[in-house]
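Listed below are the residues making up each chain.
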Amino acid sequence: MINLSERLQRIASNVPPNVKVADIGSDHAYLPIYLVQKGVATAAVAGEVNEGPFRGADRHVRENGLADVISVRKGDGLAVIAPGEVDVITIAGMGGYNIREILEAGKDKLPGVSRLVLSPQGDSDRVRKWLQLHGWMIIDEDILTEDERIYEIIVAERGEMNITDEMELEFGPFNLARKHPKVVDRVEYEQGKIRRALAAIEKTPTENGLARKQELLARRAQLEEVRNHVQTNA
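For the chain, an unreviewed UniProt entry supplies the name tRNA (Adenine22-N1)-methyltransferase and the organism Tumebacillus permanentifrigoris.

Here is the structure:
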């Protein structure tokens with residue numbers, strides 16, 4: 001039985017039973033192997049664009065005797081699946097910008113897909129904006145730290161949503177509503193970037209720099225509001 005990291009376990013817990021799954025950017029196919037071994041997925045596709053991980057995924061699938069139910073395919077993004085082939089798509093281990101680009105480029109592969117389980121490392125607002133624009137509704141979220149990196153998990157199904165608040169788009173409506181303690185970690189990470197940017201502006205002040213400073217101070221105030229919200233009666 002494959003042992004998953006906590007991040008992959010949480011992703012796996014958001015895959016419903018008796019589905020066909022495509023894991024995009026599957027690395028060594030740990031997630032699809034686990035889902036099949038646990039009886040969650042009836043079949044799976046492990047997609048990898050890079051030669052090394054593709055070969056590793058193929059080897060692991062064969063070593064676990066699952067080549068008849070897990071198809072390991074080399075290709076970019078959703079190009080590895082056909083329309084209607086899978087019920088659930090998981091994409092993890094990359095930035096939100098890349099996840100958005102994969103979804104945008106593969107829109108024609110999404111009819112028939114009932115759930116997306118996405119785990120961006122940064123730029124998660126780009127993912128939420130894309131989902132909102134293309135008829136997907138967030139049904140759950142999570143945040144965790146693994147190997148000193150902050151990851152989010154966004155679970156979406158078909159539906160309409162209307163998130164207008166920029167902080168909800170950035171940190172997630174479910175995470176903020178639940179006052180998820182890991183939101184504070186994300187706030188501190190963003191505040192660190194602001195501190196470094198302000199220090200650079202102070203070191204070499206320019207007219208443009210002064211305008212940028214005001215933008216950074218306004219964002220710092222927004223982030224402080226998010227921190228206070230999460231920490232109040234948490």
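A.B. asks: Looking at this structure, I do not really get the domain arrangement of the chain. What am I missing?
C.D. replies: Many descriptions give the size of an interface as the accessible area lost when the pieces come together. Split by domain assignment, the chain resolves into domain 1 (6-176) and domain 2 (182-231). The distance between the C-alpha centroids of domain 1 and domain 2 comes to 31 Å. Counting residues at the interface gives eleven residues for domain 1, matched by 13 residues for domain 2. If you look at where domain 1 meets domain 2, you find three salt bridges. Between E170 and R219 there is a salt bridge whose closest N-O contact spans 2.6 Å. There are five residue pairs in polar contact (both at pLDDT 80 or more) connecting domain 1 and domain 2. Those elements giving two or more residues to the side of domain 1 that touches domain 2 turn out to be strand 6 (136-146), strand 7 (149-158), helix 6 (166-171) and helix 7 (173-177). Broken down by class, the residue content of the side of domain 1 that touches domain 2 amounts to six nonpolar, three polar and two charged.

A.B. asks: What am I meant to see in the nonpolar core here?
C.D. replies: In globular proteins that are soluble, nonpolar side chains generally tend to be buried together. The biggest cluster of nonpolar side chains holds 31 residues, and the ones touching the most others in it are L35 and I70. Those elements that provide at least two residues to this core are helix 1 (6-13), strand 1 (19-24), helix 2 (30-37), strand 2 (41-48), helix 3 (51-63), strand 3 (70-74), strand 4 (88-94) and strand 7. Here this core takes five residues from helix 2, the largest share from any one element. Every residue in contact with L35, bar those within four places of it in the chain, is listed here: A12, V15, V21, V40 and A41. V45, I138, I154 and A156 belong to the second largest nonpolar core, which has 27 residues in total.

A.B. asks: Just to check I follow, could you spell out the pairing of strand 3 for this structure?
C.D. replies: Along any regular strand the residues' side chains alternate between the sheet's two faces. Strand direction decides the pairing type here: strand 2 and strand 3, joined by five bridges, are parallel. The residue of strand 3 that forms the bridge with E48 is K74. Considered for its hand, the β-α-β crossover made up of strand 2, helix 3 and strand 3 is right-handed.

A.B. asks: Whenever I open this one, helix 9 (residues 207-231) confuses me. Can you help?
C.D. replies: An α-helix turns once every 3.6 residues. As a result, residues three or four positions apart point the same way. For helix 9, which comprises 25 residues, the first-to-last C-alpha distance of 37 Å matches the rise-based estimate of 36 Å (1.5 Å per residue) to within 8%. Within the span of helix 9, buried status applies to G209, L216, L223, V226, R227 and V230. In this structure, the buried residues of helix 9 make contact with helix 6, helix 7 and helix 8 (182-203). Backbone geometry just downstream of helix 9 places N233 in the positive-phi region, at approximately 55°.

Conventions and cut-offs
- Residues numbered from 1 in each chain as written.
- Predicted model: local features only at pLDDT ≥ 70, side-chain atom pairs only at ≥ 80, totals over all residues.
- Heavy atoms only, no water.
- Domains from an automatic or database assignment.
- Contact = heavy atoms within 4.5 Å.
- Salt bridge = Lys/Arg side-chain N within 4 Å of Asp/Glu carboxyl O.
- Polar contact = N/O pair within 3.5 Å; in protein donor to acceptor, adjacent residues only side chain to side chain.
- Helix = DSSP H or I, 4+ residues; strand = E, 2+ residues; numbered from the N terminus.
- Nonpolar A, V, L, I, M, F, W, Y, C, P; charged D, E, K, R; others polar.
- Core = buried A, V, L, I, M, F, W, Y, C linked by side-chain atoms within 4.5 Å.
- Buried < 20%, exposed > 50% of the residue type's maximum accessible area, 1.4 Å probe, protein only.
- Pairing = 2+ DSSP bridges.
- Right-handed = clockwise from strand over helix to strand, strands pointing away.
- Expected span 1.5 Å × (residues − 1).

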